[in-house]
There are 2 protein chains.
Amino acid sequence: MAEGTDSNRALLIDLDGVVYQAGQPIDGAVAAIDWMRRRQIPHLFVTNTTSRSRGALLQKFERLGFAAETDEIITPITAAAGWLAQRGLGRAALYLPREAQSDFAPIEAIEIDSDAPVDAVVIGDLGEAWNFDLLNNAFRRLMREPQPQLLALGMTRYWRGPRGLQLDVAPFVKALEHAAGCEAVVVGKPARGFFEAALEQLDCPAAHTLMIGDDIRGDIDAAQQCGIRGIQVRTGKFREADLGGEIVPAAVLDSLADLPAWWDAQA
Amino acid sequence: MAEGTDSNRALLIDLDGVVYQAGQPIDGAVAAIDWMRRRQIPHLFVTNTTSRSRGALLQKFERLGFAAETDEIITPITAAAGWLAQRGLGRAALYLPREAQSDFAPIEAIEIDSDAPVDAVVIGDLGEAWNFDLLNNAFRRLMREPQPQLLALGMTRYWRGPRGLQLDVAPFVKALEHAAGCEAVVVGKPARGFFEAALEQLDCPAAHTLMIGDDIRGDIDAAQQCGIRGIQVRTGKFREADLGGEIVPAAVLDSLADLPAWWDAQA
């Protein structure tokens, strides 16, 4: 790049709704990722996905036609495991699919239906597996004395699934916070610490980093609160009603496919 | 009563956790209600129960050994039906047990799994029938344009069921408010209008009325916000941790059985 055109240096890229949707890559997304690699643009995939492990995410990438390394993917699960371990909270009730629990080692996952006391109640994306008994089970754990720590694996409100909009983690966390009279620690988007950890790993200042996402709040607003410019794509959960409010993205692209042309036009 | 002892004139009585619990009357509660009737103390049963109709509640009373008239019972259901009818919101998706929907006439109950547009999404106590699909169905309705009105049948956080603490209406409403970015109109406790309607029906000023409940927030605090003194009972969902905070009841009784002696001691 020519001098003075280095304002955009690094990329944070959301996955679901940006790179793929309903199990299929978004048109042109794989080509855009190839472009990013050829240009050697520092990047991280920053996702709130907690329904599968990073290993399973890599397998999904491969099936969709692109490659990545484990350490290019930041999810709330590894951040949460670190957060718990640092505080000596070794026993956690994990409300997330068993497949995703492997990333939680060395935290001891307490069986949900056991009566054993826990240090933390961790809420991930159980999706359609949520039912009254599971939510009530988490609630009852939070009503014990001493109250375990409630940990939210991101605060995504909803996503676009194959059959339409689907509730994500945040509504269930809000339900538990209100019922048990406590406040969750959020590990994942939109928590500032999650973006700061990403910037540190990228080794790039916020002002030179872009966050590309489909979530006007969890991606765009949250990144911009940290000084990272947000690029809204019109794919995934995007709805026109998302624009025109208080949150103004740095740019709005029809999809990730438009990123290379936009990036070069900025330069 | 002697002159100058008329400070306590009327009673608002919560049902679940105060009069009965887990399908059984609380020891001495039936005798206390008999006492209240003999003394001809103006009273109303003020409940957030939305799992059954008022008719079914009366049958339950009879089974437990006491009698009441339909118009002695105030529930959020009849209040909500009136609220909707006044505003011409004639089509509602009712998330409450079918048995309780009869009190909603003349509002047209839209089948939950139909695709028909609705004017309002009404959240009652579905209890163990809640699952992901039902909550997501309510969420998707709230994401339509124009957004239907979200109506909460009370904002009780939890109650004590036969197997322990159970989530009530409020956590599910909080989940939907957060996911869909809207605010519910609350009909039932702790809404001020609900208590005001009760006072009007009693035809007694707030300062001379007592609210007896097991919910430090939904009964005691909410009543006291309206100038009604709150009497906390140590039955139902009561936990010692409920006391010692910012909310100070006018009195704390071991149970409803202690009401007659307490009332007379006040006189």
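Rules of the game
- Residues numbered from 1 in each chain as written.
- Chains lettered and ligands numbered in written order.
- Predicted model: local features only at pLDDT ≥ 70, side-chain atom pairs only at ≥ 80, totals over all residues.
- Heavy atoms only, no water.
- Axes fitted to C-alpha atoms, helices over the stretch in contact; angles between N-to-C directions.
- Helix = DSSP H or I, 4+ residues; strand = E, 2+ residues; numbered from the N terminus.
- Parallel < 35°, antiparallel > 145°, perpendicular 65-115°, else oblique.
- Left-handed = near helix turned anticlockwise from the far one by under 90°.
- Contact = heavy atoms within 4.5 Å.
- Salt bridge = Lys/Arg side-chain N within 4 Å of Asp/Glu carboxyl O.
- Buried < 20%, exposed > 50% of the residue type's maximum accessible area, 1.4 Å probe, protein only.
- Domains from an automatic or database assignment.
- Buried area = accessible area lost by both parts, 1.4 Å probe.
- Polar contact = N/O pair within 3.5 Å; in protein donor to acceptor, adjacent residues only side chain to side chain.
- Core = buried A, V, L, I, M, F, W, Y, C linked by side-chain atoms within 4.5 Å.
- Pairing = 2+ DSSP bridges.

**Student:** Please explain the packing of helix α4 (residues 132-142) of chain A against helix α5 (residues 169-180) of chain A as it appears in this structure.
**Tutor:** Two measures define how a pair of helices packs: the angle their axes make with one another and the distance between the axes. All names here are of chain A. Look at α4 against α5: their axes get within 10 Å of each other, and the N-to-C directions meet at 40°. As the angle between them shows, α4 and α5 are arranged oblique. As α4 packs across α5, the resulting crossing turns out to be right-handed. Note on element contacts: α5 touches α4 through Phe172, Ala175, Leu176, Ala179 and Ala180, opposite Leu135, Ala138, Phe139 and Leu142.

**Student:** Just to check I follow, could you spell out the pattern of salt bridges for this structure?
**Tutor:** Pairs can form between side chains of opposite charge whenever their charged atoms are close. Residue and element names in this part refer to chain B. A complete count under the given rule lists 26 salt bridges over all chains for this structure. The residue arginine 163 makes a salt bridge to glutamate 128 at a minimum N-O spacing of 2.8 Å. Here arginine 163 is found in the loop between β10 (158-161) and β11 (164-167), whereas its partner glutamate 128 is found in the loop between β8 (120-123) and α4 (132-142), with 35 residues between them in sequence. Judged by relative accessible area, which is 54%, arginine 163 ranks as exposed. Its salt-bridge partner being glutamate 240, residue arginine 234 comes within 2.4 Å of it at the nearest N-O pair. The partly exposed category is assigned to arginine 234, whose relative accessible area is 34%.

**Student:** Which parts of the structure should I look at to understand the domain arrangement of chain A?
**Tutor:** Interface size is commonly expressed as the accessible area that is lost once the parts come together. Residues and elements named next belong to chain A. As far as domains go, chain A holds domain 1 (9-75 + 190-213 + 225-236) and domain 2 (82-187). For domain 1 and domain 2, the distance between their C-alpha centres works out to 24 Å. Contacts between the two partners involve 13 residues from domain 1 and, on the opposite side, 17 residues from domain 2. Contact between domain 1 and domain 2 buries roughly 1,100 Å² in total, counting both sides, with carbon and sulfur atoms accounting for 53%. Among the residues of domain 1 in contact with domain 2, Asn48, Thr50 and Ser53 are the three that bury the most area, contributing 40% of the side total.

**Student:** How should the side chain of Lys189(A) be read in this particular structure?
**Tutor:** Residue and element names in this part refer to chain A. Here lysine 189 lies in the loop between β12 (185-187) and α6 (192-202). For lysine 189, a relative accessible area of 4% puts it in the buried group. Among the polar contacts made by the side chain of lysine 189, one reaches the side chain of aspartate 219 at a distance of 2.7 Å. Every residue in contact with lysine 189, bar those within four places of it in the chain, is listed here: Asp14, Val46, Thr47, Asn48, Gly154, Met155, Thr156, Phe194, Phe195, Met211, Gly218 and Asp219.

**Student:** Even after reading the chapter, I still don't get the nonpolar core, so can you show me in this structure?
**Tutor:** Across soluble globular proteins, you tend to see nonpolar side chains buried next to one another. In terms of nonpolar packing, the biggest core is built from 64 residues, with Tyr95(A), Ile123(A), Tyr95(B) and Ile123(B) touching the most fellow members. The contact partners of Tyr95(A), leaving out residues within four places of it in the chain, are Ile112(A), Val121(A), Val122(A), Ile123(A), Gly124(A), Asp125(A), Leu126(A), Trp130(A), Leu134(A), Asn137(A), Ala138(A) and Arg141(A).

**Student:** Would you take a moment to explain the sheet that holds strand β9 (residues 149-153) of chain A for this structure?
**Tutor:** The strands making up a sheet are joined through hydrogen bonds of the backbone, oriented either antiparallel or parallel. Residue and element names in this part refer to chain A. Overall, parallel pairing links the five strands, which are arranged β7-β6-β8-β9-β12 in an open sheet. Lying at the two open borders of the sheet, with one neighbouring strand each, are β7 (108-110) and β12. Direction aside, the axes of adjacent strands within the sheet are offset by 35° on average. Relative to β12, β9 is paired through three bridges, and the arrangement is parallel. Counterpart to leucine 153 in the pairing with β12 is valine 187. Across the sheet, α5 lies against β8 (120-123) and β9, angled at about 165° from β9, the strand it touches most.

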